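Observations on the three-dimensional arrangement
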Amino acid sequence: MALPQEKQWTYADMLTWSEEERVELIYGQPHMMAPPSRRHQEISGALYLQLGSFLKDKKCRVYHAPFGVRLFEREGDSPSQVDTLVEPDLTVVCDPDKLDDAGCKGAPDLIIEIISPSTQRHDRLVKYNLYQRAGVREYWIVDPASRTVSVYTLEDGAYHAAAVYAGTDCVPVGVLEGCGVELAGVFAQ
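Residues numbered from 1 in each chain as written. Predicted model: local features only at pLDDT ≥ 70, side-chain atom pairs only at ≥ 80, totals over all residues. Heavy atoms only, no water.

Moving on, we come to the side chain of E87. Tracing the backbone shows E87 in the loop between β4 (68-70) and β5 (90-93). Within polar-contact distance, the side chain of E87 engages the side chain of R22 at 3.1 Å. If we skip the residues at most four places from it in the chain, E87 touches R22, E24, M33, A65, P66, F67, G68 and K127. (Helix = DSSP H or I, 4+ residues; strand = E, 2+ residues; numbered from the N terminus. Polar contact = N/O pair within 3.5 Å; in protein donor to acceptor, adjacent residues only side chain to side chain. Contact = heavy atoms within 4.5 Å.)

Here you go:
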């Protein structure tokens with residue numbers, strides 16, 4: 001939920017805030033993040049293990065939240081020029097030049113968000129549009145309630161209709177040739 005604001009905030013401001021509170025910054029507006037549920041963490045961990053195992057000894061890297069992604073930061077931008085920082089549940093980055101000690105600057109190759117009743121609208125609308133605008137090549141929305149994964153791929157600057165996977169499907173990872181995520185291991189409970 002967005003906090004009422006009278007000003008635009010930047011990444012420079014965020015660097016002065018307490019690390020105990022999870023906050024995303026979207027177009028200069030802070031959004032508080034609730035702690036994830038146990039089920040959310042189990043799903044996140046299962047996805048991370050599968051992706052991490054595939055990426056062992058490869059150039060691409062997978063990161064789990066909290067991991068800051070400054071979607072629109074360009075080379076030479078100072079923290080006071082950055083007005084958007086998100087913390088996706090899982091992030092895959094294949095360009096090592098986008099990585100620094102603070103996280104990722106620019107659009108990662110893959111972002112995965114695990115929705116909950118309180119984040120569903122935000123992840124399906126706000127973040128969908130944000131990631132599309134930033135040029136994130138692949139965006140997954142994982143829905144624990146329906147045990148589905150919706151995969152959006154960027155073509156000509158826009159996401160196309162989602163491919164939806166469920167049950168014991170193997171979800172192909174479009175940005176990682178030869179990689180597939182086994183949903184039987186993700187939705188095991």
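Moving on from the coordinates now.
Take helix α3 (residues 120-134) next. For α3, built from 15 residues, the straight-helix expectation of 21 Å at 1.5 Å per residue is met to within 8% by its first-to-last C-alpha distance of 20 Å. Its axis deflected by about 35° at K127, α3 carries its strongest bend there. Among the residues of α3, H122, D123, K127, Y128, L130, Y131, Q132 and A134 are the ones counted as buried. Count one or two residues on from α3 and you reach G135, which has phi positive near 95°. (Expected span 1.5 Å × (residues − 1). Bend = angle between axes of the 7 residues up to and from the residue. Buried < 20%, exposed > 50% of the residue type's maximum accessible area, 1.4 Å probe, protein only.)

Turning our eyes to something else, we now look at the sheet that holds β4. Spatial strand order, β4-β7-β6: three strands in an open sheet with mixed pairing. Two strands close off the open sheet at either side, each with one partner strand: β4 and β6 (99-100). As judged from the two bridges shared by β6 and strand β7 (residues 103-105), these two strands associate in the antiparallel manner. Note that in β7 the partner of L99 across the bridge is C104. (Pairing = 2+ DSSP bridges.)

Next up on the list: the pairing of strand β1 (residues 23-26). Residues V23 and L25 line one face of β1 and the alternating positions E24 and I26 line the opposite face, and both faces are buried. In the sheet, β1 pairs with strand β2 (residues 29-32) via four bridges, with the strands oriented antiparallel. Looking at the pairing, L25 lines up with P30 of β2. Hairpin remark: β1 followed by β2, antiparallel, with two residues in the connecting loop; positive phi at Y27, about 50°.

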